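# Secondary and tertiary structure notes
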Amino acid sequence: MKAPFIAPGQTLGILGGGQLGKMIAIEARRMGYRVKVLDPDTACPASEVAEVVQGAWSDPTAALELAIGCDVVTLETEHVPYAVLAEVEHLRPLRPSAQVLKTIQDRYNQRHFLHRHDLPQTRWANVESLGALDTALAQIGAPAILKRRTGGYDGRAQVRIFALDQAEAAWDALGRSPCILEAFVDFAAELSVVLARSAQGEIRFFATAENVHQNGILHTTVAPARFAPPIRAAAEDLATRAAVALEIVGVLTVEFFLTRDGRLLINEMAPRVHNSGHVTLGACVTSQFEQQLRAVCGLPLGSQHQHAPAAMVNLLGELWSGGEPDFRAVLAEPRAHLHLYGKRVAHPGRKMGHITVLADDTDEALAVAERLHAQLASR
Ligand code: AMP
């Protein structure tokens, strides 16, 4: 099928108006597109730059209202139900496709996909009852992590199990809903590859990033990752294989654990722009957000060339506990860029913004980002 070409001046629809949707919308507006987003909150971050169709992601009527007013539809979240995506796809080009989302949004489907395509991952088992959890724990051993199959993000909807007798409490904590149990990986590092695949099958990836999470939430990213080229090349190769097998059109993020004996295991995939790709905005010729727009609209992909080593640190809601943080030190640092998403309410763990830093080397970029974060936290 010939890929439709959506030219500047036409309208992009985004399912979700959070910070990811906002940053896609900013790039789209810069390039002359009109943008509409579907979000339950009319004051969502993207509302500053896009028209909002108000509605829950699970509301097919609202999703169709969005689709009908757009020329092409994309998304910033993998949590839109498949049935809604299928209806949208019936009406307008949807990129990535409903089928890709079906594979990724349920952890069981995603794990099964990785297995079918011989892509390395952590040991796991499907868990649909307490009895099945006991059996899985006996096989996989503790520590392990129980994750709800759908709806989890930023370390939510998952519970660590340190001993076999904690099974029932974990099962209850996740609402006795279908889960997968994963072996706990004592990793040396976490890496991610953010790539874009066009409708013609062209793939371009950004430099492999090195990520540190705190409490299951991304804290810092450094790109390029400070590992030998063969490790980065292996991560790119695995991510490419996943993108080709998924036939995804748009940005795909593949997150990895690097084990202490040097193996790469896929932790999870996201069919969208990603927090670990935020450094690309400012550090690369084409950001992940513009690349998403280009892939979705059938434009040629842009250059992913990175101008300088870069680091990012997330700004979470706890920094707002004493009111609006004092950003003067961040603004005074010439190598730093401040990004605030415009969320009205801050609560602990909520992503409110981030800082990116470009420097002569990655260690320096990270040190500056960490210092600026520490200064914000100490006030
Ligand atoms: P997830 O949302 O599943 O990517 O989990 C968030 C973070 O929790 C990951 O980036 C890791 O830091 C940690 N984590 C998740 N699964 C595992 C695992 N099987 N072993 C060790 N750490 C994990």
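Conventions and cut-offs
Residues numbered from 1 in each chain as written. Predicted model: local features only at pLDDT ≥ 70, side-chain atom pairs only at ≥ 80, totals over all residues. Heavy atoms only, no water. Near = heavy atom within 4 Å. Polar contact = N/O pair within 3.5 Å; in protein donor to acceptor, adjacent residues only side chain to side chain. Areas by Shrake-Rupley, 256 points an atom, 1.4 Å probe, with all protein chains shown as cover. Domains from an automatic or database assignment. 1 Å grid on protein atoms, 1.4 Å probe; cavity = no way out; pocket = protein on both sides within 12 Å on 5 of 7 lines; lining within 4 Å. Points joined across faces, edges and corners; volume = space filled by probe spheres on them. Nonpolar A, V, L, I, M, F, W, Y, C, P; charged D, E, K, R; others polar. Contact = heavy atoms within 4.5 Å. Buried area = accessible area lost by both parts, 1.4 Å probe. Salt bridge = Lys/Arg side-chain N within 4 Å of Asp/Glu carboxyl O. Buried < 20%, exposed > 50% of the residue type's maximum accessible area, 1.4 Å probe, protein only. Helix = DSSP H or I, 4+ residues; strand = E, 2+ residues; numbered from the N terminus. Core = buried A, V, L, I, M, F, W, Y, C linked by side-chain atoms within 4.5 Å. Axes fitted to C-alpha atoms, helices over the stretch in contact; angles between N-to-C directions. Parallel < 35°, antiparallel > 145°, perpendicular 65-115°, else oblique. Pairing = 2+ DSSP bridges.

## Concerning the site of the ligand
Surveying the vicinity of the ligand reveals 17 residues, the closest of which are Lys 147, Val 185, Glu 190, Asn 267 and Glu 268. At 2.9 Å from a nitrogen atom of the ligand is found a main-chain nitrogen or oxygen belonging to Val 185. In this structure, Glu 190 approaches the ligand through a side-chain N or O atom, which is 2.6 Å from an oxygen atom. Coverage of the ligand by the protein chains reaches 96% of its 470 Å² of free accessible surface. Both domains that meet at the shell around the ligand, namely domain 2 (123–183) and domain 3 (187–377), each give it at least three residues.

## Focus: empty space enclosed by the protein
Throughout the structure, instances matching the rule amount to one cavity of 30 Å³ or more. What the largest cavity holds in volume is close to 50 Å³. Taken together, Ser 192, Val 194, Phe 206, Ala 207, Ala 209, Ala 223, Ser 276, Gly 277, Val 279, Thr 280 and Gln 306 make up the full set of residues lining the largest cavity. In terms of residue class, the lining of the largest cavity is built from six nonpolar, five polar and no charged.

## Some details on the domain arrangement of the protein
Segmentation of the protein into domains returns domain 1 (11–94), domain 2 (123–183) and domain 3 (187–377). Look at where the C-alpha atoms of domain 2 and domain 3 centre, and you get two points 28 Å apart. In this assembly, four residues from domain 2 lie in contact with five residues from domain 3. Here domain 2 packs against domain 3, burying approximately 360 Å² in sum over the two surfaces, 30% of which is carbon and sulfur. Between domain 2 and domain 3 we count zero salt bridges in total.

## Some thoughts on helix α4 (residues 98–105)
Burial within α4 is extensive, with six of its eight residues counted as buried. Residues of α4 that are buried: Ala 98, Val 100, Leu 101, Thr 103, Ile 104 and Gln 105. Buried residues along α4 sit against β4 (72–75), α3 (82–91), α5 (107–116), α8 (229–246), β13 (250–259) and β14 (264–270).

## Description of helix α10 (residues 288–297)
Summarising burial for α10: ten of the ten residues are buried, a large majority. Listing the buried residues of α10 in full gives Gln 288, Phe 289, Glu 290, Gln 291, Gln 292, Leu 293, Arg 294, Ala 295, Val 296 and Cys 297. At the C-terminal side of α10, Gly 298 shows a positive phi close to 75°.

## A few points about the nonpolar core
In terms of nonpolar packing, the biggest core is built from 41 residues, with Leu 15, Val 73, Leu 85, Leu 246, Leu 252, Phe 256 and Met 269 touching the most fellow members. For this core, the element with the most residues is α8, which contributes six residues. Both domains that meet at this core, namely domain 1 (11–94) and domain 3 (187–377), each give it at least three residues. With near-sequence residues (within four places) excluded, Met 269 lies in contact with Ile 104, Gln 110, Phe 113, Leu 114, Ala 242, Leu 246, Leu 252, Thr 253 and Val 254. Grouped together as the second largest cluster of nonpolar side chains are 38 residues, Leu 12, Ala 25, Ala 223 and Leu 299 included.

## Thoughts on the environment of Thr 103
Assignment of secondary structure puts Thr 103 in helix α4. Residues Thr 103 and Leu 114, eleven residues apart in the sequence, show an inter-C-alpha distance of 9.9 Å. Residues in contact with Thr 103, not counting those within four places in the same chain, are Asn 109, Gln 110, Phe 113 and Leu 246.

## Here we look at the packing of α3 against α4
Where α3 meets α4, the axes come as close as 9 Å, and the angle between the chain directions of the two elements is 170°. Relative to α4, the element α3 lies roughly antiparallel. Counting all contacts with α3, which are made through Tyr 82, Leu 85, Ala 86 and Glu 89, the residues of α4 involved are Ala 98, Gln 99, Leu 101, Lys 102 and Gln 105. Residues of the contact of α3 with α4, tallied by class, amount to five nonpolar, two polar and two charged.

## Points about the sheet that holds strand β7 (residues 158–161)
Hydrogen bonds between backbone groups are what pair the strands of a sheet, and the pairing can be parallel or antiparallel. On the basis of which strands lie adjacent, the open sheet formed by four strands has the order β5-β8-β6-β7 and antiparallel pairing. What marks the edges here is a single partner per strand, and that holds for β5 (124–127) and β7. Along the sheet, successive strands turn relative to each other by an average axial angle of 20°, direction set aside. Direction of pairing for strand β6 (residues 144–148) relative to β7: antiparallel, over a ladder of four bridges. Paired with Leu 146 across the strands is Val 159, a residue of β7.

## A few points about the pairing of strand β9 (residues 187–197)
With nine of eleven residues buried, β9 lies mostly within the body of the structure. Examined bridge by bridge, β9 and strand β10 (residues 203–205) share three bridges and lie antiparallel to one another. By the bridge assignment for β10, Ala 196 is matched with Arg 204. In this antiparallel pair of consecutive strands, β9 and β10, the connection spans five residues, and Gly 201 shows a positive phi of 95°.

## Quick word on the sheet that holds strand β1 (residues 11–15)
Taken in spatial order, the four strands line up as β3-β2-β1-β4 in an open sheet, and their pairing is parallel. Strands with a single pairing partner mark the edges of an open sheet, and in this sheet they are β3 (51–54) and β4. Taking each pair of neighbouring strands and ignoring which way they run, the sheet shows an average axis angle of 25°. Judged from the four bridges that link them, β1 and β4 form a sheet pairing that is parallel. Looking across to β4, one finds that Ile 14 is bridged to Thr 74. Its contacts with the sheet place helix α2 (residues 60–68) against β1, β2 (34–39), β3 and β4, and it is angled at close to 180° to β2. In this fold α10 packs onto β1 and β4, with an angle of close to 140° to the strand it touches most, β4.

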